[in-house]
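Descriptive structure summary
So you can see what is in the structure, the chains are spelled out below.
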Amino acid sequence: MRLCVIGCGNVGRLVAKNRGVLGVSLKFFDRHPERCFEVCKDDCEVSTSFDEFLEGCDLVVEAASPEAVRQYAPQVLRKADMVVLSVGALMDKELYGRLLRIAENYGTSIVVPSGAVAGIDAIKALKNAGIEEVQVITTKNPKALGVNVEEKTVLFEGPASEAVKRFPTNVNVVATVSLAAGKEATVKVVADPSVDKNVHEIRVKSKAGELYVKVTNVPSPDNPKTSLLAALSLIETLKELVKKQRIRIGT
Ligand SMILES: NC(=O)C1=CN([C@@H]2O[C@H](COP(=O)(O)OP(=O)(O)OC[C@H]3O[C@@H](n4cnc5c(N)ncnc54)[C@H](OP(=O)(O)O)[C@@H]3O)[C@@H](O)[C@H]2O)C=CC1
Ligand SMILES: O=C([O-])CC(=O)C(=O)O
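Described in the following lines is the structure provided in the data block. From a predicted model like this one, the values you see are computed outputs, not experimental measurements. (Residues numbered from 1 in each chain as written. Chains lettered and ligands numbered in written order. Predicted model: local features only at pLDDT ≥ 70, side-chain atom pairs only at ≥ 80, totals over all residues. Heavy atoms only, no water.)

1. Describing the pairing of strand E1 (residues 2–6)
- Buried residues dominate E1, accounting for 4 of its 5 residues.
- In the sheet, E1 pairs with strand E2 (residues 25–29) via 5 bridges, with the strands oriented parallel. Considered in E2, the bridge of Arg-2 is made with Ser-25.
- Of the pairings in the sheet, the one linking E1 to strand E4 (residues 59–62) comprises 4 bridges and is parallel in character. Counted as the bridge partner of Cys-4 is Val-60 from E4. (Buried < 20%, exposed > 50% of the residue type's maximum accessible area, 1.4 Å probe, protein only. Helix = DSSP H or I, 4+ residues; strand = E, 2+ residues; numbered from the N terminus. Pairing = 2+ DSSP bridges.)

In structure tokens, the structure reads:
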């Protein structure tokens, strides 16, 4: 199995470290090829041309940016299944519909890991009973959100589709929650100088009950915006995709 990864940053590096566990050969692509050469050493391939990168891929992982999803997903899905981390891109209804049509025509799939949140299994299940309300509050240190504030400050309140435009690499989770719920989440983004974790609180009201999930994530050492849990969730998703599972846990 050849796993092809777009993005040689924080998450790409963790995939490379877990190569042995996954038992795959790896190929990388990034707009900074030097980052890929550093990630790979002599252990994997690096492509500097995207067309060449796509050749022979069994599964493609996007760990780059929402822009990379817009740029590359249509081409990828004509050839292979694609795991998408920059889920915010899928809040664009036109792109979402277009990608699903391509996947349908070419027999491929888009896979969205739970990423930096928990409870996606229950939200999907609750959808079957009817979801009335979905809210997400994301609180991070101002540095992670790219602002300079001295006290706890609400930076944004509004729908998920707007939140992902304002914070494209900080709140992909609100897109994942919205897609799982089949309903756009209302979102609050808070910068708090007193926190050193990436905190996501999810509230769902449904006919089958209410859900409240709070994750207090350790930021990745190399990229404080991205929680370590997001990369670990990807690794777990990849294990399920590349290895035949004798038991599957969760929805
Ligand atoms: N679904 C979820 O729950 C979560 C998703 N994420 C998302 O996962 C993605 C990866 O995160 P992380 O590894 O920490 O990010 P990094 O910024 O550490 O690494 C991303 C790498 O991809 C490169 N890149 C970005 N856009 C493109 C492009 N269009 N073409 C080629 N290369 C590109 C970046 O270059 P450059 O530095 O120039 O941008 C960088 O080298 C991010 O979009 C992040 O927001 C993160 C956390 C949770
Ligand atoms: O990692 C996190 O805590 C959340 C994040 O950056 C995102 O959803 O883009």
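Once you've had a look at it, read on.
2. Structural notes on the site of ligand 1
- Taken together, 26 residues lie near ligand 1, and Asp-30, His-32, Arg-35, Ser-65 and Ser-86 sit nearest.
- One of the side-chain nitrogen or oxygen atoms of Arg-31 is found 2.9 Å away from an oxygen atom of ligand 1.
- About the coverage of ligand 1: the protein hides 88% of its 930 Å² of free accessible area.
- Listing elements by their share of the shell around ligand 1, those giving two or more residues are helix H1 (10–17), helix H5 (66–76), helix H10 (172–181) and strand E13 (223–227).
- A domain-level breakdown of the shell around ligand 1 finds at least three residues from each of domain 1 (2–112) and domain 2 (120–223). (Near = heavy atom within 4 Å. Polar contact = N/O pair within 3.5 Å; in protein donor to acceptor, adjacent residues only side chain to side chain. Areas by Shrake-Rupley, 256 points an atom, 1.4 Å probe, with all protein chains shown as cover. Domains from an automatic or database assignment.)

3. Details of unusual backbone geometry
- The residue Lys-41 is not glycine, and still its phi comes out positive at about 50 degrees.
- Summarising the element assignment, Lys-41 is placed in the loop between helix H3 (33–40) and strand E3 (45–46).

4. Considering the side chain of Ser-161
- Of note, Ser-161 is situated in helix H9 (residues 160–166).
- Assessed through its relative accessible area of 19%, Ser-161 is described here as buried.
- Within the structure, the side chain of Ser-161 is placed 2.5 Å from the side chain of Glu-184, a separation counted as a polar contact.
- With sequence-adjacent residues up to four places away left out, Ser-161 is seen in contact with Met-91 and Glu-184. (Contact = heavy atoms within 4.5 Å.)

5. Some thoughts on the sheet that holds E4
- Read from one edge of the open sheet, 6 strands run E3-E2-E1-E4-E5-E6, paired in parallel fashion. Looking at which strands have only one partner, the edges of the open sheet turn out to be E3 and strand E6 (110–111).
- In this sheet, strand E5 (residues 81–84) lies alongside E4 in parallel orientation, the contact comprising 4 bridges. Residue pairing across strands places Glu-62 opposite Val-84, the latter belonging to E5.
- Sheet contacts for H5: E1, E2, E4 and E5; angle to E5, the most-contacted strand, approximately 160 degrees. (Axes fitted to C-alpha atoms, helices over the stretch in contact; angles between N-to-C directions.)

6. Description of the sheet that holds strand E7 (residues 131–140)
- Spatially, the 5 strands line up as an open sheet ordered E8-E9-E7-E10-E11, and their pairing is mixed. Each having just a single partner strand, strand E8 (153–159) and strand E11 (209–217) make up the two edges of the open sheet. Pairs of neighbouring strands in the sheet enclose a mean axial angle of 10 degrees, with direction left out of account.
- Strand direction decides the pairing type here: strand E10 (residues 198–206) and E11, joined by 9 bridges, are antiparallel. From the neighbouring strand, Asn-198 faces E11, where its bridge partner is Asn-217.
- Sheet contacts for helix H7 (residues 120–127): E7, E10 and E11; angle to E10, the most-contacted strand, approximately 20 degrees.

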